[in-house]
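So you can see what is in the structure, the chains are spelled out below.
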Amino acid sequence: MTQKSDNSTQKGFMHRYHAKIILRTDYLKSDNTCALAMKVTINGKIKVLPLGISIRPDQFDVTQRRVKIPGKEGADINFLCDACESRAHTIFIDHRISHVVLTMERFEHIYFQEDTHQRFIPYAIKFVNDRSHTISGSHYNHSMLVIKAIDTFRPELTFSQINSVFTNAFDLWLKKKRMAVNTIAKYHQTFRTIILSAARAGMPVSNPYKEFRIKKIPPSRIYLSEKELRLIINHYEQNHHDGPFSVTLEAYIFSATCGGFRLSDLKRLTTDNIIDNIIVFTPYKTRRYKTGQIRLQLPAIGRKIIEGKDGKLFNLVSDQVCNRHLKDLAFLVGIDKPISMHTARHTFATQYLEQGGKVEKLQRILGHSRINDTMLYVHLTDKSVQQSMNIMDTF
């Protein structure tokens, strides 16, 4: 929170340093917001440094000197406030320890300098926030989680400190947290993305991943066999469920039989996407790759599921709740597999190929930007491979 005054003496002169977050209530903008700033006091001289963020006066806690906006927005702003105060306090301590007189001019030079001491965390937060309108909520949350992990591991990290030694140390720290291999890989990938962006923006940083290989384990793609999928469809047709469980069941079957929809797309589909029993949509995850619109003819089961609906096709709850519903569903129908909403996508892909579908068309249906991603499903269709060997029975 607010940094306490840092007083030190050099040759009989008392140095007084102080930094705190304030809200500029002396100037109210046309949208009824005020600017957040950091008030720095050095030996009686005062400087107010804007943070580039404005909030309503009622959203600021004058006692804690932090915003009280709920959710990730408030957490992110307070995280930035912490980083700014921490940066100022570090400058105060460095000068106290080194017995160097700190003037306001020197403080500003160090605080805003853009040489090899440029700080990583503020840049990373701005980078993620600038992309927030083009990435999913889960992607945004993961990116902020990575940034906070880096700040916990190495507070006040500067770009000049980022090298292969740092990357290896960060990797070891993540392993000690007992994270899974692929989770650690995602942390590294996010960190690398920010670093490469910083390098393109002219920041003094080199890519440490030229000397560090990100380790990943190929994920196991769990999917349902034709028999297992029919068990779920039969349960749907022969039983009546209400509430969120029913919505999850319908969404799962719709994805597994009508196009392998991702959960992010299922949540966005509305009756406006249905035109003459053809569903027209743009995959949310790959929209930036310009894969274009996808048009799919709905099979009978899909038409039955959406019959009578208006507005959103599936009012799904959180991912975690949906997956709990599917765990219960698997138990009800006797499927001994850890199925999730994404299992429906894998199920559609494998069933499509096993029924004779072409991999090139499957790529288009799934919205893959690379054929290699689709080819992974070819290796799962053991049934097709075994059946194709029947032609050798003629010998």
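Residues numbered from 1 in each chain as written. Predicted model: local features only at pLDDT ≥ 70, side-chain atom pairs only at ≥ 80, totals over all residues. Heavy atoms only, no water.

Novice: How should I be thinking about the overall build of the protein in this particular structure?
Specialist: In terms of regular secondary structure, the protein is built from 15 helices and nine strands. For the protein, buried positions account for 44% of its 395 residues. For the protein, the share of sequence-separated contacts (at least 6 apart) that also reach a separation of at least 24 residues comes to 59%. On the protein, roughly 21,900 Å² of surface is accessible, and the fraction owed to carbon and sulfur atoms is 52%. (Helix = DSSP H or I, 4+ residues; strand = E, 2+ residues; numbered from the N terminus. Buried < 20%, exposed > 50% of the residue type's maximum accessible area, 1.4 Å probe, protein only. Contact = heavy atoms within 4.5 Å. Areas by Shrake-Rupley, 256 points an atom, 1.4 Å probe, with all protein chains shown as cover.)

Novice: Is there a simple way to explain the confidence of the model for the protein in this structure?
Specialist: As a general rule, the predicted coordinates of low-pLDDT regions are not to be interpreted in detail. Summing up the model confidence of the protein, the mean pLDDT is 84 and the portion of residues at 70 or higher is 89%. Every residue in residues 391-395 is under pLDDT 50, and counting partners more than four places away or in other chains gives zero contacts. (pLDDT = per-residue confidence, 0-100.)

Novice: I would appreciate a short explanation of the nonpolar core in the present structure.
Specialist: For soluble globular proteins, nonpolar side chains are generally found buried alongside one another. Counting 47 residues, the largest nonpolar core has Ile232, Phe254, Phe261, Leu266 and Phe314 as the members making the most contacts within it. With residues near it in sequence (within four places) discarded, phenylalanine 314 still touches Val247, Glu250, Ala251, Phe254, Leu266, Lys267 and Ile305. By size, the runner-up hydrophobic cluster in this structure holds 33 residues, among which are Val146, Ala149, Ala198 and Tyr209. (Core = buried A, V, L, I, M, F, W, Y, C linked by side-chain atoms within 4.5 Å.)

Novice: Sorry, what's going on with unusual backbone geometry here?
Specialist: Trans peptide bonds make up most of the peptide bonds, and negative phi angles are found at most residues other than glycine. A positive phi angle, close to 60°, is found at glutamate 156, a residue other than glycine. Phi at arginine 178 is positive, roughly 60°, even though this residue is not glycine. Position of arginine 178 among the secondary structure elements: in the loop between helix H5 (164-176) and helix H6 (181-200). Here arginine 178 falls in the exposed class, since its relative accessible area comes to 78%.

Novice: Is there a simple way to explain helix H7 (residues 226-238) in this structure?
Specialist: For the α-helix, the turn length of 3.6 residues means that residues three or four positions removed from each other point alike. End to end, H7 covers 18 Å across 13 residues, agreeing with the expected 18 Å (1.5 Å per residue, within 8%). Buried-residue contacts for H7 involve helix H8 (243-258), helix H10 (300-306), helix H11 (319-333) and helix H12 (341-354). (Expected span 1.5 Å × (residues − 1).)

Novice: Honestly, the packing of helix H4 (residues 137-153) against H5 in this entry has me stumped. Any pointers?
Specialist: Helix-helix packing: each pair is described by the crossing angle between the helix axes and the interaxial distance. Interhelical geometry of H4 versus H5 gives an angle of 105° and a closest axis separation of 11 Å. It follows that H4 is roughly perpendicular to H5 by the angle criterion. Along the contact surface, H4 presents Ala149, Ile150, Thr152 and Phe153, while H5 presents Phe166, Ala169, Phe170 and Trp173. Residue composition of the contact of H4 with H5, by class: seven nonpolar, one polar and no charged. (Axes fitted to C-alpha atoms, helices over the stretch in contact; angles between N-to-C directions. Parallel < 35°, antiparallel > 145°, perpendicular 65-115°, else oblique. Nonpolar A, V, L, I, M, F, W, Y, C, P; charged D, E, K, R; others polar.)

Novice: Just to check I follow, could you spell out H5 for this structure?
Specialist: In a regular helix each residue adds 1.5 Å, so 13 residues correspond to 18 Å; H5 covers 18 Å between its end C-alpha atoms and thus fits that length. Here H5 has its buried residues at Ser164, Phe166, Thr167, Phe170, Asp171 and Leu174. Relative to the axis of H5, the buried residues are bounded by an arc of 155° and lie together on one face. Turned more than 90 degrees from where H5 packs its buried face, Val165 and Lys176 sit exposed. Looking at the buried residues of H5, the elements they touch are H4 and H6. The opening residue of H5, the one whose side-chain oxygen lies 3.1 Å from the backbone nitrogen of valine 165, is asparagine 163. In the stretch just after H5, arginine 178 is the one whose phi turns positive, near 60°. (Arc of directions from axis to C-beta. Polar contact = N/O pair within 3.5 Å; in protein donor to acceptor, adjacent residues only side chain to side chain.)

Novice: I keep staring at the side chain of glutamate 250 and nothing clicks. Help me out?
Specialist: Inspection of the secondary structure assignment puts glutamate 250 in helix H8. Looking at glutamate 250, its side chain comes within polar contact range of the side chain of tyrosine 236, at 3.5 Å.

Novice: I keep staring at the packing of H4 against H6 and nothing clicks. Help me out?
Specialist: Two elements in contact, H4 and H6, have axes separated by 10 Å at closest approach and are oriented at 85°. With respect to H6, the element H4 is oriented roughly perpendicular. Contacts between H4 and H6 involve His142, Ser143, Leu145, Val146, Ile147, Ala149 and Ile150 on the former and, on the latter, Lys186, Tyr187, Thr190, Phe191 and Ile194. Residues that form the contact of H4 with H6 fall into these classes: eight nonpolar, three polar and one charged.

Novice: Just to check I follow, could you spell out the pattern of salt bridges for this structure?
Specialist: Pairs may arise between side chains of opposite charge once their charged atoms sit close together. The final tally for this structure, using the stated rule, is 12 salt bridges. As a salt-bridge pair, lysine 175 and aspartate 171 come within 3.1 Å of each other at their nearest N and O atoms. Residue lysine 175 and its partner aspartate 171 are located together in helix H5, separated by four residues, close to a single helical turn. A salt bridge links glutamate 228 to lysine 337, with the nearest nitrogen and oxygen atoms 2.8 Å apart. Placement of glutamate 228 in helix H7 and of lysine 337 in the loop between H11 and H12 is noted, with a sequence separation of 109 residues between them. By relative accessible area, lysine 337 is classed as partly exposed at 28%. By sharing partners, the salt bridges in this structure join Arg66, Asp82 and Glu85 into a single network. (Salt bridge = Lys/Arg side-chain N within 4 Å of Asp/Glu carboxyl O.)

Novice: Help me understand the packing of aromatic side chains, please; the structure alone is not making it clear to me.
Specialist: Within a pair of aromatic rings, the relevant descriptors are the distance that separates the centres and the angle that separates the planes. Applying the stated rule across the entire model yields 19 aromatic pairs. On the basis of an interplanar angle of 15° and a centroid distance of 6.4 Å, the ring pair of tyrosine 123 and phenylalanine 127 is categorised as stacked. Note that tyrosine 123 and phenylalanine 127 are positioned in helix H3 (residues 120-130) at a spacing of four residues, about one turn of the helix. Residue phenylalanine 127 is classed as buried on the basis of its relative accessible area of 13%. Grouping aromatic residues by their ring pairs yields a cluster made of Phe120, Tyr123, Phe127, Phe153, Phe159, Phe166, Phe170, Trp173, Phe191, Tyr209 and Phe212. Taking NZ or CZ as reference, arginine 192 lies 6.0 Å from the ring centre of tyrosine 209, over its face. The cationic tip of lysine 337 hangs over the ring face of tyrosine 223; the distance from NZ or CZ to the ring centre is 5.6 Å. (Phe/Tyr/Trp six-rings, centres within 6.5 Å; stacked < 30°, edge-to-face > 60°. Lys NZ or Arg CZ within 6 Å of the ring centre and 35° of its normal.)

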